[in-house]
Amino acid sequence: MIEEPIDVPVEVVAVGAHPDDVELGVGGTLAKLAHSGIRTGIIDLTNAEPTPKNVKYRSPDDFDADYAANRMAEAQEAARILGVERITLDLPNRRLFDDFEARCKVATVFRKWRPKIVITMYGKTLMASPDHNQAQLITESAIFYSRLTKWDKYFNNLPVHRVKSLLYFPVRFIDLHPEGHTSFLVDISNFVDLKERAIMSYKSQGFVPSSGGQSLVSPFPALLLNWNRNLGSRVGVEYAEHLVSPVPLRCDDFSYFLNK
Ligand SMILES: [Zn+2]
């Protein structure tokens, strides 16, 4: 198979294990970037099926094509709300591993979309899906595979592409200073409504709006938005999202430190 890179690069690409991972972690940041005119995208490594949320399932391996199709429609609606592109790969949910096939599939999208910045999940969700940590490992490796020369045959003959920056969104809320990484908070106050609407598009996952507050089927979005508010309060804004850089950040403009 021979593919060509797209004409207009997707400059910022966020990678998650499942549809909704990226919205929950950096939905506000992506909406902010997209609305500033930067072409932005999401790669889901799996379609997150099967899921125990489908009450018709009797065993963990049941599959309901209609339910899965509906979930993909929810994911596309979330992307539309944020103003971003989205591709959902066919890697296996719950059996996601950092292996050669997974690395090549993600690197193929990098070579096709040519992002300058890649954002992915950071850390382990202990007692929850191990796919999240695997998504981090796969993405880190795919960034390397994307720029390897003389290996195009593994990437639909797409030419090499060098990603400039890797950023993470930590999945453990409490960990504001992951060891060895540089934290920064992004003001998403003007985009938190879009973030919440994008999350709420996943109706199949039992998310209901936080505005009512008390009757949440799944309390996770409300807890998350409270965390975003907590982060915002630390830097003098209403809502913020936490990202980290594995390398030090350069800062020549001290206006932030002078004016905060
Ligand atoms: Zn997930």
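Here is what the cut-offs are and how they apply
Residues numbered from 1 in each chain as written. Predicted model: local features only at pLDDT ≥ 70, side-chain atom pairs only at ≥ 80, totals over all residues. Heavy atoms only, no water. Helix = DSSP H or I, 4+ residues; strand = E, 2+ residues; numbered from the N terminus. Buried < 20%, exposed > 50% of the residue type's maximum accessible area, 1.4 Å probe, protein only. Core = buried A, V, L, I, M, F, W, Y, C linked by side-chain atoms within 4.5 Å. Contact = heavy atoms within 4.5 Å. pLDDT = per-residue confidence, 0-100. Polar contact = N/O pair within 3.5 Å; in protein donor to acceptor, adjacent residues only side chain to side chain. Patch = residues over 30% accessible without salt bridge, like charges linked within 9 Å, V, L, I, M, F, W, Y side chains within 5 Å. Areas by Shrake-Rupley, 256 points an atom, 1.4 Å probe, with all protein chains shown as cover. Salt bridge = Lys/Arg side-chain N within 4 Å of Asp/Glu carboxyl O. Expected span 1.5 Å × (residues − 1). Arc of directions from axis to C-beta. Pairing = 2+ DSSP bridges. Right-handed = clockwise from strand over helix to strand, strands pointing away.

(A) Broad picture of unusual backbone geometry. At Arg-94, a position not held by glycine, the phi torsion is positive, near 70 degrees. By the element assignment, Arg-94 lies in the loop between strand S3 (85-88) and helix H3 (100-113). A relative accessible area of 41% places Arg-94 in the partly exposed class. One non-glycine residue, Lys-150, adopts positive backbone phi at about 60 degrees. Residue position: Lys-150 is located in the loop between helix H4 (131-146) and strand S5 (165-170). Exposure remark for Lys-150: the relative accessible area of 82% places this residue in the exposed category.

(B) Broad picture of the nonpolar core. Counting residues in hydrophobic clusters, the biggest one holds 63 residues, and the most contacted among them are Val-26, Leu-30, Ile-43, Leu-45, Phe-110 and Ile-119. When residues of this core are assigned to their parent elements, the largest contribution, seven residues, is made by H3. Residues in contact with Phe-110, not counting those within four places in the same chain, are Val-13, Val-15, Ile-43, Pro-115, Val-118, Thr-139, Ala-142, Ile-143, Ser-146 and His-161.

(C) Structural detail: the confidence of the model for the protein. With 93% of its residues at a pLDDT of 70 or more, the protein has an overall mean of 91. Under a pLDDT of 50 for its full length, residues 212-216 has, in the predicted model, five contacts with residues more than four places off or in other chains.

(D) The side chain of His-18, seen in detail. Among the secondary structure elements, His-18 is positioned in the loop between strand S1 (12-16) and helix H1 (21-35). Within the structure, His-18 has its side chain in polar contact with the side chain of His-132 (distance 3.3 Å). Ignoring any residue separated from it by four or fewer positions in sequence, one finds His-18 in contact with Asp-44, Thr-46, Ala-48, Asn-93, Ser-129, Asp-131 and His-132.

(E) A look at a nonpolar patch on the surface. A cluster of nonpolar side chains, contributed by Val-235, Phe-254, Tyr-256, Phe-257 and Leu-258, occupies part of the molecular surface with about 540 Å² of accessible area. One can find Val-235 in the loop between helix H6 (220-234) and strand S7 (240-245).

(F) How the structure looks around helix H2 (residues 65-82). In a regular helix each residue adds 1.5 Å, so 18 residues correspond to 26 Å; H2 covers 26 Å between its end C-alpha atoms and thus fits that length. Those residues of H2 that sit buried are Tyr-67, Ala-68, Arg-71, Glu-74, Ala-75, Ala-78, Ala-79, Ile-81 and Leu-82. End-on view of H2: buried residues confined to an arc of 160 degrees, all on one side of the axis. Those residues of H2 that are exposed and angled more than 90 degrees off the buried face are Asp-66 and Arg-80.

(G) Representation of the pattern of salt bridges. Throughout the structure, instances matching the rule amount to 13 salt bridges. The shortest N-O distance in the salt bridge between Asp-152 and Arg-111 comes to 2.9 Å. Residue Asp-152 is located in the loop between H4 and S5, and its partner Arg-111 is located in helix H3; the two are separated by 41 residues in the primary sequence. Residue Arg-111 is classed as buried on the basis of its relative accessible area, which comes to 0%. Several salt bridges share partner residues, and in doing so they unite Glu-23, Asp-44 and Arg-86 into one network.

(H) Quick look at the environment of Ala-78. Considering the arrangement of structural elements, one finds Ala-78 in helix H2. The spacing of Ala-78 and Lys-195 is 117 residues in sequence and 8.7 Å in space, taken between C-alpha atoms. Setting aside anything within four residues of it in sequence, one finds Ala-78 in contact with Glu-23, Arg-86, Ala-198, Ser-201 and Tyr-202.

(I) Summary view of the environment of Tyr-67. In this structure, Tyr-67 sits in helix H2. Separated by 17 residues in sequence, Tyr-67 and Pro-50 place their C-alpha atoms 9.2 Å apart. There is a polar contact of 3.4 Å between the side chain of Tyr-67 and the backbone oxygen of Ser-204.

(J) View of the pairing of strand S2 (residues 40-44). Counting buried positions along S2 gives five out of five residues, so the element sits mostly inside the fold. With five bridges joining them, S1 and S2 adopt parallel strand pairing. Residue pairing across strands places Gly-16 opposite Asp-44, the latter belonging to S2. Traced from S1 through H1 to S2, the parallel crossover comes out right-handed.

(K) Highlighting the environment of Leu-45. On the secondary structure map, Leu-45 appears in the loop between S2 and H2. The exposure class of Leu-45 is buried, given its relative accessible area of 0%. Excluding anything up to four places from it in sequence, Leu-45 contacts Val-15, Gly-16, Ala-17, Leu-89, Asp-90, Leu-91, Leu-96, Val-106, Ala-135 and Ile-138.

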